[in-house]
Structure formats: C-alpha cells, structure tokens
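Survey of secondary and tertiary structure
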Amino acid sequence: AGGGNGVDGRMVLPGHYLDGVTGCGKELTMQIRGAFQGLYAELAALLQRAVWRGDLDLELVLLQTWGIVMSKDDHAFVSRVKIFRLLQTTLEAVRPSSFDFGGELGA
C-alpha cells in the first residue's frame, strides 16, 4: 500500500475546507462553512478548557487541529474565536519558569 496520509494510502495535500465544493451551490457551501466554523469554535473552547485545567496532552492534540489552511474569508471567524489570543495563552501556560526573567534580561 502507498505511504500517503489518506484513507486509501494516497497522499493528501492540505487545502482549504471549501476547496472542491464549488459545484455544490451557495446554500450548501454556506452550510459547510457553518459546520466547519461550529466545529472549530468548539475545538477552540476545548483548548481553552484544557489550558485552564493544565491538561498538556489534550492541549497538544487540540493545537494540531489548528494546522489548517485559512483564507481571507475566514478572518472574521478567526477573530471571533480569538484563536491567536488563545494560542498565546497556551504558550504562556507551558513556558518553563526558567525562561521567566521577571522582566529583566540577564538579571
């Protein structure tokens, strides 16, 4: 069998979630967008809860789900779920204390 990452062993290249659905029509495309945004809003909420609980394993799994292709049309959604703020909070929560210089470099 092939060494790809697809179900059938073929290589699947990353793409935007709406790639290849242009023939579906506007209504179905909007339903797909809504389902995607609902899923990723929930994943963002789960990530936030994992950070609060200090569940590093779950944080790592959920961070991997955000390795997706976005387009300019996704800007409002990305802003609404505050994913960049959440990523910053996640990184700050797992930063080793040895990197905390108390605001003074070299002190």
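All of these numbers come straight from a predicted model, not from anything done at the bench.

Description of unusual backbone geometry
Positive phi values are uncommon outside glycine, yet K82 reaches one of about 55°. Tracing the chain through its elements places K82 in the loop between helix 3 (75–81) and helix 4 (83–94).

Remarks on the packing of aromatic side chains
Taken as a whole and judged by the stated rule, the model has four aromatic pairs. For the pair Y40 and W66, a centre-to-centre distance of 4.9 Å together with 80° between the ring planes defines the contact as edge-to-face. Taken together, the residues Y40 in helix 1 (residues 26–53) and W66 in the loop between helix 2 (56–65) and helix 3 connect sequence positions 26 residues apart. Y40 gets classed as buried once you look at its relative accessible area, which sits at 10%. W66 sits in the buried class, given a relative accessible area of 13%. Ring-pair connections join several aromatic residues into one group, and the members of that group are Y17, F36, Y40, W66 and F77.

Looking at a nonpolar patch on the surface
On the surface, a nonpolar cluster with roughly 360 Å² of combined accessible area is contributed by L56, L60, L91 and V94. Of all the elements in the fold, those that place two or more residues in the nonpolar patch are helix 2 and helix 4. The residue V94 is located in helix 4 in this model. Using a relative accessible area of 40% as the deciding quantity, one classes V94 as partly exposed.

A look at the pattern of salt bridges
Within the structure shown, the criterion is met by three salt bridges. D74 is paired through a salt bridge with R33; the nearest N and O atoms lie 3.9 Å apart. Here D74, found in the loop between helix 2 and helix 3, pairs with R33, found in helix 1; they are 41 residues apart in sequence, far enough to count as distant. Assigned by exposure class, D74 and R33 land together as buried. For R53, the salt bridge is made with D55, and the minimal N-O distance between the two is 3.8 Å.

Overview of the nonpolar core
Core analysis: the biggest nonpolar cluster contains 17 residues, and Y40, L47, W66, F77, V81 and I83 have the highest contact counts within it. Secondary structure elements with two or more residues in this core: helix 1, helix 3 and helix 4. With seven residues, helix 1 is the single largest residue contributor to this core. Apart from residues lying up to four places away in sequence, I83 is in contact with L47, W66 and V78.

Definitions and cut-offs
Residues numbered from 1 in each chain as written. Predicted model: local features only at pLDDT ≥ 70, side-chain atom pairs only at ≥ 80, totals over all residues. Heavy atoms only, no water. Helix = DSSP H or I, 4+ residues; strand = E, 2+ residues; numbered from the N terminus. Phe/Tyr/Trp six-rings, centres within 6.5 Å; stacked < 30°, edge-to-face > 60°. Buried < 20%, exposed > 50% of the residue type's maximum accessible area, 1.4 Å probe, protein only. Patch = residues over 30% accessible without salt bridge, like charges linked within 9 Å, V, L, I, M, F, W, Y side chains within 5 Å. Areas by Shrake-Rupley, 256 points an atom, 1.4 Å probe, with all protein chains shown as cover. Salt bridge = Lys/Arg side-chain N within 4 Å of Asp/Glu carboxyl O. Core = buried A, V, L, I, M, F, W, Y, C linked by side-chain atoms within 4.5 Å. Contact = heavy atoms within 4.5 Å.

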